Amino acid sequence: MKFSLWIAAVVAALFALLGSVFVVSEGHSAIVLNLGRVVRTDIGPGLHFKWPLVESARVFDRRLQVLDAEPERYLTFDKQNVSVDFFALGRIQDLRAFYRATGGDEQTAVERLAPIIRDSLRNEINSRTLQQVVSGDRTSVIGRQLDAINQGAQTLGVKIVDIRIKRIDRADDVAVLRQVASQLRAEVLEQAQAIRAKADRDKQVIVAEAERDAQKLRGEGDAEATRLYAAAANKDPAFFAFQRSLDAYRKSFANGDGVIVLSKDDPFLQYLRSDR
């Protein structure tokens, strides 16, 4: 009975020992999790220990990895569609950030890095003509965007060391041409709407300014007419009254068919009854 207990104790001790030991190979690093929480990180190559049952170790490859991607279509500065086949070289830079951002899943990191790289390449290729993209220095196409790419990759705990363009082809199939035509059409419509909106705003401003100037001129004309009438009336009131009455007679009988019914003593007829 004692022998059996001794064997059981040895076996349990062996299992505990095996559960507390882990090995990190050359070019790799590890993190230790205590009930899912990172407690130690950047553990280098060698033999290491952890608490059995409550702690677990995750080992990651810190060497350069090739991040391959599907060929991507881009539009050059002169509106030419090209297909660019590329791959990236990168490594895990910060194990803690990498684990927190991806849960330790390398495929998740690749999927999140791909749009960052594609968008940065798009910015560079969109600013170059087809001839510059095809015949130019491909290293310069990448070099100008590598810092921007690593700013996004830093949040994943990854560093992109280099991006290599394997092939650049013209993309002239019908579907692509339709895509390019649709993009150009959208750009033209956007520009047309902007021009139309600006023209409408300019029209409103011009009409408002013209109306304002017209009202000002009408006011000045009315004021000048009133001044002239007042000056004439003050200079010779009798003659002014006579002139105004003649203007009224002329307007009343201008068409020759007008009929006015008035009393014979109406003041309106005063200059028709005498020679005053």
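Residues numbered from 1 in each chain as written. Predicted model: local features only at pLDDT ≥ 70, side-chain atom pairs only at ≥ 80, totals over all residues. Heavy atoms only, no water.

## Remarks on the overall build of the protein
A tally of helices and strands in the protein yields eight helices and nine strands. Residues counted as buried form 25% of the 276 residues belonging to the protein. Summarising the internal contacts of the protein: among those between residues at least 6 apart in sequence, 62% fall at separations of at least 24. By element, 56% of the accessible surface of the protein is carried by carbon and sulfur atoms, the whole surface being about 18900 Å². (Helix = DSSP H or I, 4+ residues; strand = E, 2+ residues; numbered from the N terminus. Buried < 20%, exposed > 50% of the residue type's maximum accessible area, 1.4 Å probe, protein only. Contact = heavy atoms within 4.5 Å. Areas by Shrake-Rupley, 256 points an atom, 1.4 Å probe, with all protein chains shown as cover.)

## Quick notes on the pattern of salt bridges
Counted under the stated rule, the structure contains 14 salt bridges. Residue Glu55 pairs with Arg40 through a salt bridge whose shortest N-O separation is 3.9 Å. Linking Glu55 in strand 5 (residues 55-61) with Arg40 in strand 3 (residues 37-43), this pair joins segments that are 15 residues apart in sequence. Looking at Glu55, the relative accessible area reads 8%, which means it is buried. (Salt bridge = Lys/Arg side-chain N within 4 Å of Asp/Glu carboxyl O.)

## Quick look at unusual backbone geometry
Glycine aside, residues mostly have negative phi angles, and peptide bonds mostly take the trans form. Despite not being glycine, Asp42 shows a phi value in the positive range, around 55°. Residue placement: Asp42 occurs in strand 3. Look at Lys79: it is not a glycine, yet its phi comes out positive at around 65°. Note that Lys79 resides in the loop between strand 7 (72-75) and strand 8 (81-92).

## Side note on the sheet that holds strand 3
As summarised here, the arrangement of the three strands in space is 3-2-5, forming an open sheet in which the pairing is antiparallel. The open sheet has two free edges, formed respectively by strand 3 and strand 5, since each of these has just one partner strand. Each neighbouring strand pair of the sheet contributes to a mean axis angle of 20°, computed without reference to strand direction. Bridging between strand 2 (residues 28-34) and strand 5 involves seven bridges; their strand directions are antiparallel. For Leu33, the partnering residue across the bridge sits in strand 5 and is Ser56. (Pairing = 2+ DSSP bridges. Axes fitted to C-alpha atoms, helices over the stretch in contact; angles between N-to-C directions.)

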